[in-house]
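# A look at the structure
Residues per chain, in single letters:
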Amino acid sequence: MPSGEPVDASHPSLSPPRRGPRTSAPARRMKPDEGGLTREAATERDQIDALLLTRVADGDREAFAQLYDRFSAPLYGAAIQILHDAAEAQDVVQDAFLSLWEKAATFESSRGSAFSWAVTLVRNRAIDRVRMRRRRSELLADSVRGLGASASGLGQIFGRGSQPTIPADEED
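The paragraphs below set out a description of the structure included in this document. (Residues numbered from 1 in each chain as written. Predicted model: local features only at pLDDT ≥ 70, side-chain atom pairs only at ≥ 80, totals over all residues. Heavy atoms only, no water.)

On to the pattern of salt bridges. With the rule as written, the count across this model stands at nine salt bridges. As a salt-bridge pair, Asp-95 and Arg-129 come within 3.6 Å of each other at their nearest N and O atoms. With a gap of 34 residues between them, Asp-95 in helix 3 (residues 86–103) and Arg-129 in helix 4 (residues 114–157) connect regions that are remote in the sequence. Classification of Asp-95 as partly exposed rests on a relative accessible area of 34%. (Salt bridge = Lys/Arg side-chain N within 4 Å of Asp/Glu carboxyl O. Helix = DSSP H or I, 4+ residues; strand = E, 2+ residues; numbered from the N terminus. Buried < 20%, exposed > 50% of the residue type's maximum accessible area, 1.4 Å probe, protein only.)

In structure tokens form, the structure reads like this:
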């Protein structure tokens, strides 16, 4: 497919299966993560995603926009499940898309799908945010405890609280 030409995401094999009476042999049961697609449709979707990522590696902005349209909602959903904070989830997804743009050339389809790679980027960044948030809380708690001890000492020095006493050997 030439660079710049949009990928047809409305292809029938990429849409969910029809509901209603079956007239042919039943399709194989799909894993929940395949969104109800047949194996062939899921494979085709993965191939389109890999092609888009290849075009992104070549600097194709249109391919990046299409990849964003395909991935942004589920990636945001994954981030929000981990972070429970909309603003942080948006930041994580933005960071992940920036990485996709910068590192698209390192993608190896033999190691997994483009979507799996994107989810891994979001998941790792979201977990890093949770750890950073926890560490900040611990540091803040330690600082407050330290300030509490320092404040009582400072209060004595500046005449607040109990009056400091001068040792007997230092008096005139």
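With that out of the way, let us pick up the nonpolar core. Among the nonpolar cores identified, the biggest contains 24 residues, and Leu-53, Phe-71 and Leu-75 are the most heavily contacted of them. Put simply, the parts of the chain that give this core at least two residues each are helix 1 (39–57), helix 2 (61–83), helix 3 and helix 4. Apart from the residues lying within four places of it in its own chain, the contact partners of Leu-53 are Leu-67, Leu-100, Ala-104, Phe-107, Ala-114 and Trp-117. (Core = buried A, V, L, I, M, F, W, Y, C linked by side-chain atoms within 4.5 Å. Contact = heavy atoms within 4.5 Å.)

Don't take any of this as a statement about function, it's just geometry.
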